[in-house]
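Chain by chain, the residues run as shown.
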Amino acid sequence: LAQADVYRFRRVLSCWVQFCMSRKSDIIFFKSKLCRFFTSGSTCPKASTCRFAHGVHDLRAMPVLSRTNICQELLTTGSCS
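Residues numbered from 1 in each chain as written. Predicted model: local features only at pLDDT ≥ 70, side-chain atom pairs only at ≥ 80, totals over all residues. Heavy atoms only, no water.

Caption draft 1: Quick look at the overall build of the chain. Counting secondary structure elements, the chain contains 3 helices and 0 strands. Across the chain, helices and strands are ordered from the amino to the carboxyl terminus as α-α-α. A burial count over the chain gives 16% of its 81 residues as buried. Here the chain has roughly 6700 Å² of accessible surface; of this, 59% comes from carbon and sulfur atoms. (Helix = DSSP H or I, 4+ residues; strand = E, 2+ residues; numbered from the N terminus. Buried < 20%, exposed > 50% of the residue type's maximum accessible area, 1.4 Å probe, protein only. Areas by Shrake-Rupley, 256 points an atom, 1.4 Å probe, with all protein chains shown as cover.)

In structure tokens form, the structure reads like this:
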């Protein structure tokens, strides 16, 4: 890869990561943890719109986030071994 291509790739990757973290993270982690109001015995103010689970029947599996980083060797040299 040419240096300009690597730079362009880094910019696109950075934008994609920012988009994912700001928008998609809510979807990825939706109902993957118990609501703190529910676990304390209180009534959740968000009720059905809460993004946290209101019981084990609502719980979803946590996403597997291993190997989600771009190879640093690819970014610096243009190839990955």
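Once you've had a look at it, read on.
Caption draft 2: Structural view of the side chain of Ser-32. Structurally, the position occupied by Ser-32 is in the loop between α1 (3-28) and α2 (36-39). Judged by its relative accessible area of 10%, Ser-32 falls in the buried class. Polar side-chain contacts of Ser-32 include one of 2.7 Å to the backbone oxygen of Phe-29. Beyond its immediate stretch of four places on either side in the chain, Ser-32 contacts Leu-59, Arg-60, Ala-61 and Met-62. (Polar contact = N/O pair within 3.5 Å; in protein donor to acceptor, adjacent residues only side chain to side chain. Contact = heavy atoms within 4.5 Å.)

Caption draft 3: Highlighting unusual backbone geometry. Positive phi values are uncommon outside glycine, yet Lys-31 reaches one of about 60°. Here Lys-31 is to be found in the loop between α1 and α2. A positive phi is found at Ala-47, a non-glycine position, where the angle reads about 45°. Of note, Ala-47 is situated in the loop between α2 and α3 (72-77).

Caption draft 4: View of the environment of Val-6. Tracing the backbone through its elements, the reader meets Val-6 in helix α1. In sequence terms Val-6 and Leu-75 are 69 residues apart; their C-alpha atoms lie 6.3 Å from each other.

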